[in-house]
Amino acid sequence: MQYGHFDAQAREYIITRPDTPAPWANYLGSPTYGAIISNNAGGYSFVKSGAAGRLIRYRFNEQDRPGRYIYLRDDESGDYWSASWQPVGKDLDEYRSTCRHGTGYTIMEAEYTGLRSEASYYVPMNMVHEVWRLKLTNTGEAARKISVFGFVEFTCESFYEQDQVNLQYTQFITRTYFKDQFILQTINENCLNAVNESRVETRFFALAGAPVTSYCGDRAAFLGGYRDYGNPVSVEKGRLDGTLNYNLNPCGALHTALTFKPGESVSMAFLLGPKREADAKALIAHYEDSGLPNREISDLKTYWHGKLANLKVETPDENFNHMVNTWNAYQCFITFNWSRAASLVYCGQRNGYGYRDTVQDIQGIIHLDPEMALEKLKFMISGQVSHGGALPLVKYDHNPGHEDKPEDASYRTGTGHPSYRADDALWLFPTVWKYISETGNTALLDEEIPYADTGVDTVYQHLNKAIDFSLNHLGIHGLPAGLHADWNDCLRLGTNGVSVFVAFQLYYAFEIMIRCAQHKGDAATETRMIELKKKFGAIIEERCWNTDRFVRGITEHDQVVGKPDDPEASLWLNPQSWSIISGFASQDRGKAIMDLVYQQLNTKYGARLMAPAYRRHAFDGALALLFNPSTKENGGIFLQTQGWLILAEALLGRGGRAFEYYLESCPAAQNPIAQTRLLEPYVYSQFTESVDSPFEGRSHVHWLTGTASTVMVGCVEGILGLRPDINGLRLSPTVPSSWKNFTMEKTFRGKKMRIQVQNSQGRESGCRKLTVNGVEMADSYIPATVLKADNEVILEM
Ligand code: GLC
């Protein structure tokens, strides 16, 4: 079943049936003021942190309530509805609506009993408030009397958890006031100076562009006893009773009563944010200009569309185009901004950036906005500890040079992370390399950046230290220890057990270090890295290969995990794909391994993380056992790994296979089976339930997931074959043979490239001829030096 469709031109997803199988959300705002909104206006807003800066309530794991509600009431008949289908939820035979999720804004249009409403929700660029612009039009023949009610449920206190559970305190610190056009909420209002670290806070909810007829600042008075957001007593009555909150639960509710001639339109704006009284007043005055919201939405489009325009593809596959051009790219920016902090699943409790997650997230935007990537990359490098390991979590208020670390009890209690993970710092290699290759900015290697705890080093030395950390944490057979976890949070291999995934990461790190050392003319490091690569390569060959596959790990008791005769978890996806990504496996062996993966792990929704799932034979430390079979790390389709799978197949030149994997788990391609998938067809999720589940195909954990960046890299470097290095760009498209022609427009180091790929022979990879501005290149490589401001590139496959 289908609930909506893509509008490629507008870069919007348009929901035409509001009764979606889950709340389908969008993100508004910036890291300073963030807001999440569902297609039924559910969601919440926060300043900086969903956990510590929560402005409005949202009840997780419930019915997508409450949210940013605008109620409409016919003052003659008493009938009422809402500008989003929910919370009132009128009969869908009479209530027609669309919800357009765009880049940084969401617009809900509805038509009911001859009244058209258009509610546009957004956070203006660089602002710390949000706007719900409402436009109403009388499309009928008769004059209408319509009441409009805006409603928001404030939290009693900015700490989300306190607001939810510490009721004996938080319900007694807030009150609301009515100030002509707005409700002002104060928290701890007597604390002009901090008391117990609390200080007065104020928020406001305002109406601009229409007179306030009545108001209410108390949730109980607004809703009425034993009622819900769908039938508030005050909306039913057509008037707010002027109750203000003094203890218990606040809200902001404002009412305006209007009359409309036939055909007449009226616009107004509800405003919400953390502001003091005087600032709120000044802001409201601004929005008396009814043209302002259109200009602000247009600024958002300019900002986002400008970034997204740095890669535009036109391939024969529309779903691929929707994702690569807009939605996967936009999701990469959202994960880049919000990490795993705030969604309709994550309630914001994490107070920092997970190291591996963020360093990988950065990869997803490098091809679109390398400078934005650089800033975060440097920040993350400053989260590396001076012995080379990385902080599992880099706090939002990270203070490089002065941080505590997992060795310190204070870090463990402050972050909940008890120790180092084997993979964290190793993610720096592919990310630094991607940044340098995209930009040619090798000066980054010489830039000095502090360590989290103490000392300063060049980026090049930071990388060297990351290798030292791995070399100083070897387990049995001299392979990298698995420590508290490697990429897989559910594998605890410890200080002596070893991780084969990390072995491949380290092998890849040696290779990247060789390239960096060569660039710097550092022969000693180059030689050392070549030797290390050889040495570890031999150990991997001897210890990690078993019969026809790479194993997943070896426990400290020398138990091999992931060999063919294991009753469970006998084949793992990541060591196979990473044997190719790391450059360890030869093409022939790679193909054989990946055929095995295809036979044993692939399903119609993607390849499983491992199989068979654990039930009875898990080793100590296989935490995946906690999950139901075919779920998450216990043999689910962990979607982040599909990006690596796509990349690995593309590196083998097998475009058909790479694209088959791509489509299996592509959200847009699952648009027609949205009721099975549940989640937004424009957004990747963390995992999909697989064959052991009665709900095969159901997907979970929307928006904030590493899937966004790995699939993006799988598409850009893998399928599209845009593979830059320090000196230029290699073009190695690896596509289905049915793609006879496609184009890419790419900005590369500030230069425009229009690339036409011609594939008349129906190949899956390879280059017969490459011309740049009419000049034939030696092979599929374009040295950066031949590029002009604008370039016409033609590649014949
Ligand atoms: C989640 C975590 C990520 C981890 C992955 C696999 O996505 O955010 O850090 O790598 O699970 O366990």
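The notes below deal with the structure included here. (Residues numbered from 1 in each chain as written. Predicted model: local features only at pLDDT ≥ 70, side-chain atom pairs only at ≥ 80, totals over all residues. Heavy atoms only, no water.)

## Thoughts on the overall build of the chain
The criterion, for reference: The helix count covers DSSP runs of H or I at least four residues long, the strand count covers runs of E at least two residues long, and both are numbered beginning at the N terminus. As defined in this context, the radius of gyration uses C-alpha atoms, and a globule is described by 2.2 Å times the residue total to the power 0.38. Relative accessible area decides the class of each residue, using a 1.4 Å probe on protein chains only: under 20% of the type maximum gives buried, over 50% gives exposed, and in between gives partly exposed. Whether two residues are in contact is decided by their heavy atoms: any pair within 4.5 Å suffices. Using the Shrake-Rupley algorithm and a 1.4 Å probe, accessible areas are obtained, with residue cover drawn only from the displayed protein chains.
The secondary structure content of the chain amounts to 20 helices and 44 strands. Taking 2.2 N^0.38 as the reference for a compact globule, 797 residues should give roughly 28 Å; the C-alpha atoms of the chain span a radius of gyration of 28 Å, in line with that estimate. Over its C-alpha atoms, taken along the principal directions, the chain stretches across nearly 80 × 60 × 50 Å. Out of the 797 residues in the chain, the part that is buried amounts to 62%. Expressed as a percentage of contacts within the chain between residues at least 6 apart in sequence, the contacts between residues at least 24 apart total 66%. Only carbon and sulfur atoms are counted for the fraction: they give 48% of the accessible area of the chain, which is about 28100 Å².

## Some remarks on the pattern of salt bridges
Worth spelling out the cut-off: Whenever Lys or Arg places a side-chain nitrogen within 4 Å of a carboxyl oxygen from Asp or Glu, that contact is recorded as a salt bridge.
Enumeration according to the criterion identifies 55 salt bridges in this entry. With a shortest N-O distance of 2.8 Å, R654 and E649 are connected by a salt bridge. Each of R57, R59, E153, D163 and R219 takes part in salt bridges that share partners, so that together they form one network.

## Notes on the site of the ligand
What counts, and what does not: Only a single heavy atom is needed: when it lies within 4 Å of a molecule or strand, its residue is near that molecule or strand. Each polar contact in these results corresponds to two N or O atoms within 3.5 Å; when the atoms are within protein, one needs to be able to donate a hydrogen and the other to accept it, and residues that are neighboring in sequence are counted only if both atoms are side-chain atoms. Lys, Arg, Asp and Glu make up the charged group, whereas Ala, Val, Leu, Ile, Met, Phe, Trp, Tyr, Cys and Pro make up the nonpolar group; the residues left over, Gly among them, are polar.
If you check the shell around the ligand, you find R356, D357, W487, N488, D489, E633, F638 and Q686 and nothing else. With respect to the ligand, the side chain of R356 contributes an N or O atom lying 2.8 Å from an oxygen atom. Note that an oxygen atom of the ligand is positioned 2.6 Å from one of the backbone N or O atoms of W487. Summarising the interface, the protein chains cover 94% of the accessible area of the ligand, which totals 310 Å² for the free molecule. Taken together, the residues that form the shell around the ligand break down as two nonpolar, two polar and four charged.

## Some thoughts on the packing of helix α7 (residues 318-338) against helix α9 (residues 370-381)
Just so we agree on the cut-off: Working convention: axes come from line fits to C-alpha atoms, limited for helices to the stretch in contact. Angles between N-to-C directions cover 0 to 180 degrees. By definition in this entry, angles of less than 35 degrees are roughly parallel, angles greater than 145 are roughly antiparallel, angles of 65 to 115 are roughly perpendicular, and the rest are oblique. A clockwise turn of the near helix away from the far one marks a right-handed crossing, whereas an anticlockwise turn of less than a right angle marks a left-handed crossing.
In contact at an axis separation of 12 Å, α7 and α9 are set at 25° when each is read in the N-to-C sense. The orientation of α7 relative to α9 falls into the category roughly parallel. Like other packed secondary-structure pairs, α7 and α9 cross with a definite hand, here left-handed. Taken together, the residues of α9 that come into contact with α7 (itself represented by F333, F336 and N337) are M372, A373 and K376. Per-class residue counts for the contact of α7 with α9 are four nonpolar, one polar and one charged.

## Here's the deal with unusual backbone geometry
For the bond running from R65 to P66, omega is -15°, close enough to zero to count as cis. Mapping P66 onto the fold places it in the loop between β5 (45-47) and β6 (69-74). In this chain, Q86 is followed by P87 through a cis amide linkage whose omega measures 15°. Position of P87 relative to the elements: it lies in the loop between β7 (80-82) and β8 (96-101). For L248, which is not glycine, the phi dihedral falls at a positive 60°. Within the fold, L248 resides in the loop between α4 (233-237) and β17 (250-260). In this model, N773 sits at a positive phi of 50°, which is unusual for a non-glycine residue. Residue placement: N773 occurs in the loop between β41 (769-772) and β42 (775-776). Relative accessible area serves as the criterion here: at 26%, N773 is assigned to the partly exposed category.

## Section: the packing of helix α13 (residues 500-520) against helix α14 (residues 523-543)
At a minimum axis distance of 9 Å, the contact between α13 and α14 shows a crossing angle of 160°. Relative to α14, α13 is oriented roughly antiparallel. Crossing angle aside, the handedness with which α13 passes α14 is left-handed. For the pair α13 and α14, the contacting residues are A503, F504, L506, Y507, F510, E511, M513, I514, A517 and Q518 in the first and T525, E526, M529, I530, L532, K533, F536, G537 and I540 in the second. When grouped by side-chain class, the residues that make up the contact of α13 with α14 number 13 nonpolar, three polar and three charged.

## A look at the side chain of S709
As for its position among the elements, S709 is in helix α20 (residues 707-719). With residues near it in sequence (within four places) discarded, S709 still touches C332, Q360, D361 and G364.

## Some remarks on the packing of aromatic side chains
Selection rule: Under the pairing criterion, centres of Phe, Tyr and Trp rings, with the six-membered ring standing for Trp, must be within 6.5 Å; the plane angle then separates stacked pairs below 30 degrees from edge-to-face pairs above 60, leaving the rest tilted.
What the rule picks out here adds up to 58 aromatic pairs. Pairing F151 with Y229 gives two aromatic rings, centres 6.1 Å apart and planes at 50°, and the pair type is tilted. Taken together, the residues F151 in strand β12 (residues 144-152) and Y229 in the loop between α3 (219-223) and α4 connect sequence positions 78 residues apart. As far as burial versus exposure is concerned, F151 and Y229 are alike and both buried. Among the aromatic residues, ring-to-ring pairing joins Y3, F6, Y13, W24, Y27, Y303, W304, W327, Y330, F333, Y682 and W703 into one connected group.

## Focus on the pairing of strand β14 (residues 182-187)
Consecutive side chains of a regular strand alternate in pointing toward one face of the sheet and then the other. This is how the line gets drawn: Two strands qualify as a pair provided DSSP detects at least 2 bridges between them.
Judged by how many residues are buried, β14 sits mostly within the fold: six of six residues are covered. The alternating pattern of β14 places F182, L184 and T186 on one face and I183, Q185 and I187 on the opposite face, and all of these are buried. As defined by bridge partners, strand β13 (residues 174-179) adjoins β14 across six bridges and the pair is classed as antiparallel. What sits directly across from T174, in β14, is I187. In sequence, β13 turns back onto β14 through a hairpin of two residues, with D180 there showing a positive phi of about 55°.

## A closer look at the sheet that holds strand β3 (residues 25-29)
Reading across the sheet, the three strands line up as β3-β4-β5 and stay open at both edges, with antiparallel pairing between neighbours. The open sheet has two edge strands, β3 and β5, and neither has a second partner. When the angles between neighbouring strand axes are averaged without regard to direction, this sheet yields 15°. Looking at chain direction, β3 and strand β4 (residues 33-38) are connected through five bridges and run antiparallel. Opposite A25, over in β4, you have S38 as the bridge partner. In the packing of α7 onto the sheet, the strands contacted are β3, β4 and β5, and the crossing angle to β3 comes to about 60°.

## Points about empty space enclosed by the protein
Unfilled space is identified by rolling a water-sized probe across the atoms. To keep things clear, this is the line we draw: A cavity here means a set of 1 Å grid points, computed over protein atoms only, where a 1.4 Å probe fits but cannot escape. A pocket is an open set with protein on both sides within 12 Å along at least 5 of 7 lines, and lining residues have an atom within 4 Å of a point. Grid points are joined across faces, edges and corners, and a volume is the space filled by probe spheres set on the points.
One pass over the structure, following the stated rule, counts five cavities of 30 Å³ or more. For the largest cavity, the calculated volume is near 60 Å³. Take the lining of the largest cavity: its biggest share by element is three residues, from β8.

## Quick look at the sheet that holds strand β16 (residues 214-218)
Taken together, five strands build an open sheet; the order of strands is β7-β6-β12-β17-β16 and the sheet is antiparallel. In this open sheet, the two strands that pair with only one neighbour each are β7 and β16. Averaged over all pairs of adjacent strands, the angle between strand axes in this sheet comes to 20°, irrespective of strand direction. When β12 meets β17, the two strands line up antiparallel, connected through nine bridges. Each residue of the ladder has a partner; that of V152, found in β17, is G252.

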